[in-house]
Amino acid sequence: MDARLTEVQQQLFDWLVEYIKQNQHSPSIRQMMRAMGLKSPAPIQSRLEHLRAKGYIDWTEGRARTIRILRPQGLPIVGAIAAGSVVESFPDAVEQLDFSSSLLRPGDYALRVRGDSMIDALIADGDVVIMRPVQDPKTVKNGTIVAARVNGEGQTLKYYHRKANQVKLEPANPNYPVIEAPATDVVIQGVLVAVWRGYGFMAS
């Protein structure tokens, strides 16, 4: 199951984390309904089930107010990305990046970097890049660092440039070539928000 949360699931999870931190016990369904602006318990129950299935919370069956937070506020690391070539496809391997920031939006996710083709952009092998999904590729500006697939192959992290119907994916390391392809062969899956290096992060 995809561990990323929808916007409404993230909203409920964030509220639960704060409520339990302040009150040292979990809220009632009615309190959650009020907090989320809902008049029916069904959406709350559905969101709770999804949060449980994705490993964010758990509770004791048959007992009220037993919700427990299993994950800290943070961001799912849903796989790895090549900062080199596009020939390798990395399987999803969900971890949790343990931090929260006002920079984050629902739907943001993280990828672990493999390779050094973006080293001159201060993105090193082993770093974690925080990405934001792209709804409309036409809104992506030239010079933006993106996660992209070319011809359906593995994701690569590069500077994006488009002119007419041609796309260039440029590394930040002179030892790697520029990737050129028709725009129809390039799928932009995310734009860079920040880089995490264990002790902190840098906004893009």
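What comes next concerns the included structure. On a predicted model such as this, the values are computed, not experimentally measured, just so you know.

Cut-offs used in this document
Residues numbered from 1 in each chain as written. Predicted model: local features only at pLDDT ≥ 70, side-chain atom pairs only at ≥ 80, totals over all residues. Heavy atoms only, no water. Helix = DSSP H or I, 4+ residues; strand = E, 2+ residues; numbered from the N terminus. Buried < 20%, exposed > 50% of the residue type's maximum accessible area, 1.4 Å probe, protein only. Contact = heavy atoms within 4.5 Å. Pairing = 2+ DSSP bridges. Salt bridge = Lys/Arg side-chain N within 4 Å of Asp/Glu carboxyl O. Arc of directions from axis to C-beta. Axes fitted to C-alpha atoms, helices over the stretch in contact; angles between N-to-C directions. Parallel < 35°, antiparallel > 145°, perpendicular 65-115°, else oblique. Nonpolar A, V, L, I, M, F, W, Y, C, P; charged D, E, K, R; others polar. Left-handed = near helix turned anticlockwise from the far one by under 90°.

## Observations regarding the environment of Tyr 56
Next up, step 1: Relative to the helices and strands, Tyr 56 is located in the loop between helix H3 (41-53) and strand S1 (57-58).
Next up, step 2: Here Tyr 56 falls in the buried class, since its relative accessible area comes to 3%.
Next up, step 3: Separated by 43 residues in sequence, Tyr 56 and Phe 13 have C-alpha atoms that sit 7.9 Å apart.

## Regarding the environment of Ala 183
Next up, step 1: Checked against the element boundaries, Ala 183 lands in the loop between strand S10 (179-182) and strand S11 (186-196).
Next up, step 2: With relative accessibility at 15%, the residue Ala 183 sits in the buried group.
Next up, step 3: For Ala 183 and Arg 162, which are 21 residues apart along the polypeptide, the C-alpha to C-alpha distance reads 7.7 Å.
Next up, step 4: With sequence-adjacent residues up to four places away left out, Ala 183 is seen in contact with Arg 162, Asn 165, Gln 166 and Val 167.

## Thoughts on the pairing of strand S9 (residues 166-170)
Each regular strand carries side chains that alternate between the two faces of the sheet.
Next up, step 1: Burial along S9 is one-sided: Val 167 and Leu 169 are buried, while Gln 166, Lys 168 and Glu 170, pointing the other way, are not.
Next up, step 2: Bridging between strand S8 (residues 156-163) and S9 involves five bridges; their strand directions are antiparallel. Bridge assignment links His 161 to a residue of S9, and that residue is Lys 168.
Next up, step 3: A loop of two residues connects S8 with S9, the two strands running antiparallel in sequence, and Ala 164 in this loop sits at a positive phi of about 55°.
Next up, step 4: Bridge count between S9 and S10: four bridges; the pairing is antiparallel. Of the residues in S10, the one forming a bridge with Lys 168 is Glu 180.

## Focus: the pattern of salt bridges
Next up, step 1: Taken as a whole and judged by the stated rule, the model has five salt bridges.
Next up, step 2: When the shortest N-O distance is used, the salt bridge between Arg 52 and Asp 58 registers 2.8 Å.
Next up, step 3: Residue Arg 52 is classed as partly exposed on the basis of its relative accessible area of 24%.
Next up, step 4: On the basis of relative accessibility, which here comes to 21%, the residue Asp 58 falls in the partly exposed class.

## Regarding helix H2 (residues 29-36)
Next up, step 1: Among all positions in H2, only Met 32, Met 33 and Met 36 are buried. Along H2, the residues classed as buried sweep out an arc of 105° about the axis, all on the same side. Exposed positions of H2 whose direction lies more than 90 degrees from the buried face are Arg 30 and Arg 34.
Next up, step 2: Lining the buried residues of H2 we find helix H1 (7-23) and H3.
Next up, step 3: Downstream of H2 by a residue or two, Gly 37 has a phi angle that is positive, lying close to 70°.

## Some points on the packing of H2 against H3
Next up, step 1: Between H2 and H3, the least distance of the axes is 9 Å, while the angle of their chain directions is 100°. Classed by the angle they form, the pair H2 and H3 counts as roughly perpendicular. Side by side, H2 and H3 meet where Ile 29, Met 32, Met 33 and Met 36 of the first sit next to Pro 41, Ile 44, Gln 45, Arg 47 and Leu 48 of the second.
Next up, step 2: Residues belonging to the contact of H2 with H3 are distributed by class as follows: seven nonpolar, one polar and one charged.

## Quick look at the packing of H1 against H2
Next up, step 1: It is the contact of H1 with H2, at a shortest axis distance of 11 Å, that shows an interaxial angle of 120°. The angle between H1 and H2 places the two elements in the oblique class. Crossing handedness for the pair H1 and H2: right-handed. Listed contacts from H2 to Gln 11, Leu 12, Trp 15, Leu 16 and Tyr 19 of H1 are Gln 31, Met 32, Ala 35 and Met 36.
Next up, step 2: Its residues assigned to classes, the contact of H1 with H2 comprises seven nonpolar, two polar and no charged.

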